[in-house]
Amino acid sequence: MDALLKKIYALTDEQIKEYSQNVMLGGGSRGGPVLDHGKGVRVWDTTGRDYIDCTSQSWALYLGYANDTINAVIREHIEKMTHIHQGFDTKVRYYLANKLASLAPAGMSRVSFTVGGGPAIEAAMKIAFKNVQPSREFVTLFDSYHGTTLGSMGASWISTKSAGKFFGGSRFLPLTRTFIRIPNPVTYRNPLGVDTETYIDYCLTMTREIFQRGISGKPAGVIVEPIQASAGQLILPRRYLQGLRQLCDEFETLLIYDEIQTFGRIGETFAANYFGVTPDIIVLGKGLGAGLPLAAIIISDKLEGFQGDTEELHTFANPTLSMVTASKQLELFENGVLRNCREMGDYLGQKLSEMAAEYPEIGDVRQLGMHIGVEMVDDPERKNPLKQAGEIRLAGFRNGLILGTGGVRKNVLKIKPPLIINKQECDEVLEKFKASLHDVLRGKSKAKCSGSVKQKNESVLV
Ligand SMILES: Cc1ncc(COP(=O)(O)O)c(C=O)c1O
């Protein structure tokens, strides 16, 4: 082994404690173990404990840790090249762009690659400005999350008071854009206490009113996650997306899907195809590169794209290694991964719903493919948010399970493992999840807490 790697891998707990002074974090859910290595759906910490990872590391490791097929193409390609500047062509960029275009809805055939989700949202915003004039404002939904770059942060709920206090985004208001927010069609509970169909009508009616009377100029575009992930795994109703599409056409603005979390994870390549409602721009990130950094936008053929005069230029927007892994992953998607995602996702969804008979604190299970959220409430009638979701996450660590938490009320537990999880592993997730509910809600002692997972569950994992 390389001597430096050996030295790094041998860092002691004391050194880690000391060096942690040098690491400045701006987000993410802290309080977890120090991770050492992983394989498949499982990851080991530095003390040798193993966990099934239902966060897929910010939902991005679709094929799990150290996937053999992905590692093999990495090894092969890395001997040829890694980083190539955006201004130079490579075969793999042509290949991947063509492949994505062939899978996207008809009439969406041009792809621009970039370095991460936030910048990809900004790339979509640039295309929108180029094509929709006069316009200044973008529209996003209540509780949405679209990133923390200065261009995208104002689109995200983290600049609002929705969690009871102003979150990080509001500190940068002088530099962030203001987004016009429209009501989101939540199906589990809505502020008017009306039935879902009535609430969808309300949301669409208010959106029409806002387009007409609440915005100066045309809306430059409506950015929407077909499943609002950070908001608490809210699966938007098809009828709502159809209504939004119609409104965008009527007001001559663009419908932009943030598919950064839905791509592949719902058991289909694109949510646009699943819902049968085609946007004008699709934004991709996270799992696109099979665990390596890569993001992209795909735009409608009707739109004017980028020009070469420095409209969209990033040093690392042409990462050939990520493009190889992304291409290989698409091949694996077609060879069973998406089918597995649908089947195992349905299995988890069904079993979690059944668990509600024993744990009525499970208020709602929202599942599409491996995009799964469990909303925890104090009782199923009142639907008040359960306060112990963070504790359940910590109990998960003790039981060998990494869960996500989220939702603006922080009461949604997210179960979003790698898409390659098998049935036995799903059963293990269910067993450990149930044990964690039991420990927190039915009062088992917390004596098993290991040294590395004692800290507070401090922030929200998006
Ligand atoms: C739906 C959605 N959009 C955008 C982003 C931002 O992506 P990134 O963190 O790569 O900038 C995220 C990240 O969590 C996301 O979930």
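As shown above, the structure is provided for reference.
Thresholds, definitions, all that
- Residues numbered from 1 in each chain as written.
- Predicted model: local features only at pLDDT ≥ 70, side-chain atom pairs only at ≥ 80, totals over all residues.
- Heavy atoms only, no water.
- Phe/Tyr/Trp six-rings, centres within 6.5 Å; stacked < 30°, edge-to-face > 60°.
- Buried < 20%, exposed > 50% of the residue type's maximum accessible area, 1.4 Å probe, protein only.
- Lys NZ or Arg CZ within 6 Å of the ring centre and 35° of its normal.
- Pairing = 2+ DSSP bridges.
- Helix = DSSP H or I, 4+ residues; strand = E, 2+ residues; numbered from the N terminus.
- Axes fitted to C-alpha atoms, helices over the stretch in contact; angles between N-to-C directions.
- Contact = heavy atoms within 4.5 Å.
- Near = heavy atom within 4 Å.
- Polar contact = N/O pair within 3.5 Å; in protein donor to acceptor, adjacent residues only side chain to side chain.
- Nonpolar A, V, L, I, M, F, W, Y, C, P; charged D, E, K, R; others polar.
- Salt bridge = Lys/Arg side-chain N within 4 Å of Asp/Glu carboxyl O.
- 1 Å grid on protein atoms, 1.4 Å probe; cavity = no way out; pocket = protein on both sides within 12 Å on 5 of 7 lines; lining within 4 Å.
- Points joined across faces, edges and corners; volume = space filled by probe spheres on them.

Visitor: Help me out: how do you make sense of the packing of aromatic side chains in this one?
Guide: Each aromatic ring pair is described using two quantities: the centre-to-centre distance and the angle formed by the ring planes. Evaluation of the coordinates by the stated rule reveals eleven aromatic pairs. The interplanar angle of 55° and the centroid separation of 5.8 Å between the aromatic rings of Phe-263 and Phe-270 together place this pair among those described as tilted. The exposure class assigned to Phe-263 is buried, which follows from its relative accessible area of 1%. Judged by relative accessible area, Phe-270 falls into the buried class, the value being 0%. With 5.0 Å between their ring centres and 85° between their planes, Tyr-274 and Phe-275 make a pair best called edge-to-face. Tyr-274 sits in the partly exposed class, given a relative accessible area of 32%. Aromatic rings pair up to connect Tyr-62, Phe-263, Phe-270 and Phe-333 into one cluster. The cationic tip of Arg-238 hangs over the ring face of Tyr-274; the distance from NZ or CZ to the ring centre is 5.6 Å.

Visitor: Explain the sheet that holds strand 6 (residues 180-182) to me, please; I cannot follow it from the model alone.
Guide: Within a sheet, each strand pairs with its neighbour through backbone hydrogen bonds, oriented either parallel or antiparallel. Taken in spatial order, the seven strands line up as 4-12-11-10-7-5-6 in an open sheet, and their pairing is mixed. Edge strands, defined here as strands with exactly one partner in the open sheet, are strand 4 (108-114) and strand 6. Ignoring which end each strand starts from, the neighbouring axes of this sheet average 25° apart. Pairing between strand 4 and strand 12 (residues 295-300): six bridges, direction antiparallel. Bridging from a neighbouring strand, Ser-112 pairs with Ile-297 of strand 12. Contacting strand 4, strand 11 (281-284) and strand 12, helix 5 (residues 91-103) runs over the sheet at an angle of about 135° to strand 4. With respect to the sheet, helix 7 (residues 196-213) is in contact with strand 5 (138-141), strand 6 and strand 7 (221-224), its orientation differing from that of strand 6 by roughly 160°.

Visitor: For this particular structure, what's the right way to read unusual backbone geometry?
Guide: It is generally the case that most residues other than glycine have a negative phi and that most peptide bonds are trans. Residue Gln-133 is joined to Pro-134 through a cis peptide bond whose omega torsion reads -5°. Inspection of the secondary structure puts Pro-134 in the loop between helix 6 (117-131) and strand 5. Within the chain, Thr-310 stands out as a residue other than glycine whose phi angle is a positive 65°. Positionally, Thr-310 belongs in the loop between strand 12 and helix 10 (320-355).

Visitor: Could you clarify how one ought to interpret the site of the ligand in this entry?
Guide: Taken together, twelve residues surround the ligand, and among them Gly-117, Gly-118, Asp-258, Gln-261 and Lys-286 come closest. In this structure, Gly-118 approaches the ligand through a main-chain N or O atom, which is 2.8 Å from an oxygen atom. Looking at the shell around the ligand residue by residue, the class counts come to three nonpolar, six polar and three charged.

Visitor: Can you walk me through the pattern of salt bridges in this structure?
Guide: If the charged atoms of two oppositely charged side chains come close together, the side chains can form a pair. Scanning the entire structure with this criterion turns up 27 salt bridges. Its salt-bridge partner being Arg-93, residue Asp-89 comes within 2.9 Å of it at the nearest N-O pair. Between Glu-197 and Arg-239 there is a salt bridge whose closest N-O contact spans 2.9 Å. Within this pair, whereas Glu-197 is found in helix 7, its partner Arg-239 is found in helix 8 (residues 238-250), the two being separated by 42 residues in sequence. Under the relative-accessibility criterion, Glu-197 is labelled partly exposed at 44%. Each of the salt bridges in this network shares a partner with another, and the network as a whole consists of Arg-42, Asp-50, Glu-428 and Lys-432.

Visitor: In this structure, what is going on with the layout of surface pockets? I would like to understand it.
Guide: Sizing a probe to match a water molecule and rolling it over the atoms shows the empty space that remains. Roughly 500 Å³ of internal volume is contained in the second largest pocket. Along the walls of the second largest pocket sit 23 residues, with Gln-86, Val-111, Ser-112, Phe-113 and Phe-306 positioned nearest its centre. When contributions to the lining of the second largest pocket are tallied by element, the ones reaching two or more residues are helix 5, strand 4 and strand 12. Of the residues forming the lining of the second largest pocket, the biggest block, five residues, is contributed by strand 4. Tallied by class, the residues present in the lining of the second largest pocket amount to ten nonpolar, eight polar and five charged.

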